[in-house]
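For reference, the chains in residue letters:
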Amino acid sequence: MPDAVFATTHWSVVLRAGGTGSVARHEALEALCRAYWYPVYAQIRRREHSEHDAQDLTQDFFACLLRRESFASASPAKGRFRSYLLGALDHFLSDVRSREHATKRGGGQAPVSFDVLEAEERYRSEPRVDDTPAKAFDRHWLLAVLDAGLRALETEQAAAGKAEQFARLKPFLACETDTGDYREAAIALGVKTGTVAVAVHRLRQRYQQIIRAAVQQTLFNPEELDDELRHLFG
């Protein structure tokens, strides 16, 4: 179900991160990092920090949020979670000079982990776009949600015994296609092109459901969902 798949982006996880109990807080921080580490990393790199500094600062940002119990002040009523996170990051980076005098960033902790090689490879492969920091963060956040949604859909299909079919049909999720475009996939799967067309249509519907659920979980007011999607995809 979408709610289970995207528990990492739900406001309840944010509130749990601000609560008491070291185990729950640590788990919540890990979940948030897995969902949002790349938008944070890319934003730090855009601020002209080096690759290695961005790796350290990304670690430290999430560590500081937990250590200072910053999530305790977070509230769904204050707006979208992505806006809260960007504001917290801006505040963190404005104070980064004093942090550089610490013996080790993160207070000697390494509570979160991410693939540093993937991070820099993704960042370097991006086209250079003259976006505002807020717009760039929104774009990276949306891409993170789309990627997570695709992985969630792939997991669902594998659990249903349709891993091979999904691997063949995944390229069709990103663009509109004609029935004739399905011919090669149909031959490989040993089915008719019409069967492939129906399968792609269902996968697209399910993918949209997962993405809508993920975005909705970051909003206080569910009625804002369509406006939020228009903003992000725009």
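Everything in this summary refers to the structure shown in the same document. (Residues numbered from 1 in each chain as written. Predicted model: local features only at pLDDT ≥ 70, side-chain atom pairs only at ≥ 80, totals over all residues. Heavy atoms only, no water.)

Looking now at the overall build of the protein. The helix and strand tally for the protein stands at 12 helices and zero strands. The proportion of buried residues among the 234 residues of the protein is 44%. Taking all contacts inside the protein whose residues are at least 6 apart in sequence as the whole, residues at least 24 apart take part in 71%. Put simply, the protein shows about 12700 Å² of open surface, and 51% of that area lies on carbon and sulfur atoms. (Helix = DSSP H or I, 4+ residues; strand = E, 2+ residues; numbered from the N terminus. Buried < 20%, exposed > 50% of the residue type's maximum accessible area, 1.4 Å probe, protein only. Contact = heavy atoms within 4.5 Å. Areas by Shrake-Rupley, 256 points an atom, 1.4 Å probe, with all protein chains shown as cover.)

Once that is clear, we can look at helix 8 (residues 133–159). Counted at 1.5 Å a residue, the expected span for helix 8 with its 27 residues is 39 Å, and the 39 Å between its end C-alpha atoms agrees. Positive phi shows up at Gly-161, right after helix 8, with a value of about 75 degrees. (Expected span 1.5 Å × (residues − 1).)

Attention now moves to the side chain of His-140. Looking at where His-140 falls in the secondary structure, it is placed in helix 8. In this structure His-140 touches Tyr-38, Pro-39, Ala-42, Arg-46 and Glu-126, once residues within four positions along its chain are discounted.

As a further point, take the side chain of Asp-138. Looking at the element boundaries, Asp-138 is found in helix 8. Owing to a relative accessible area of 12%, Asp-138 belongs among the buried residues under this scheme. In this structure Asp-138 touches Arg-82, His-231 and Leu-232, once residues within four positions along its chain are discounted.

This paragraph deals with the nonpolar core. Judged by nonpolar contacts, the single largest core of 53 residues is most densely connected at Tyr-36, Val-40, Phe-61, Leu-85, Leu-169 and Val-215. The element contributing the most residues to this core is helix 3 (residues 22–46), with 10 residues. (Core = buried A, V, L, I, M, F, W, Y, C linked by side-chain atoms within 4.5 Å.)

It is worth spelling out unusual backbone geometry at this point. Despite not being glycine, Glu-48 shows a phi value in the positive range, around 70 degrees. Following the sequence through the fold, Glu-48 ends up in the loop between helix 3 and helix 4 (51–67).

Attention shifts here to the packing of helix 8 against helix 12 (residues 225–233). Running from N to C, helix 8 and helix 12 cross one another at 110 degrees; their axes reach a closest spacing of 9 Å. Of the possible angle classes, the one that applies to helix 8 and helix 12 is roughly perpendicular. Residues Asp-138, Trp-141, Leu-142 and Leu-146 of helix 8 touch helix 12, and the partners they reach there are His-231, Leu-232 and Phe-233. Its residues assigned to classes, the contact of helix 8 with helix 12 shows five nonpolar, one polar and one charged. (Axes fitted to C-alpha atoms, helices over the stretch in contact; angles between N-to-C directions. Parallel < 35°, antiparallel > 145°, perpendicular 65-115°, else oblique. Nonpolar A, V, L, I, M, F, W, Y, C, P; charged D, E, K, R; others polar.)

All chains considered together, the criterion is met by six aromatic pairs. Relative to Tyr-38, the ring of Trp-37 has its centre 5.7 Å away and its plane inclined at 85 degrees; by these criteria the two rings are edge-to-face. Counting every residue linked through ring pairs, the aromatic cluster contains Trp-37, Tyr-38 and Tyr-41. (Phe/Tyr/Trp six-rings, centres within 6.5 Å; stacked < 30°, edge-to-face > 60°.)

Bringing the pattern of salt bridges into the picture now. Applying the stated criterion across every chain, the model contains seven salt bridges. One salt bridge in this structure joins Arg-47 and Asp-90, with 2.7 Å as the shortest N-O distance. Taken together, the positions of Arg-47 in the loop between helix 3 and helix 4 and Asp-90 in helix 5 (residues 81–94) put the pair 43 residues apart, joining distant regions of the chain. When its relative accessible area of 30% is taken as the criterion, Arg-47 is described as partly exposed. A single network of salt bridges, built from pairs that share partners, joins Arg-82, Asp-138 and Glu-228. (Salt bridge = Lys/Arg side-chain N within 4 Å of Asp/Glu carboxyl O.)

Moving on, we get to the environment of Asp-60. Along the chain, Asp-60 falls in helix 4. Using a relative accessible area of 3% as the deciding quantity, one classes Asp-60 as buried.

This part is about the packing of helix 8 against helix 11 (residues 193–216). Here helix 8 crosses helix 11 at 130 degrees, and the two axes come no closer than 9 Å. Comparing their axes, helix 11 and helix 8 come out oblique. In this structure, the crossing between helix 8 and helix 11 has a hand that is right-handed. On helix 11, the residues that touch Trp-141, Val-145, Leu-146, Gly-149, Leu-150, Ala-152, Leu-153, Glu-156 and Gln-157 of helix 8 are Leu-203, Arg-206, Tyr-207, Ile-210, Ile-211, Ala-214 and Val-215. Looking at the contact of helix 8 with helix 11 residue by residue, the class counts come to 12 nonpolar, two polar and two charged. (Left-handed = near helix turned anticlockwise from the far one by under 90°.)

In short, shape yes, function no, at least from these values alone.
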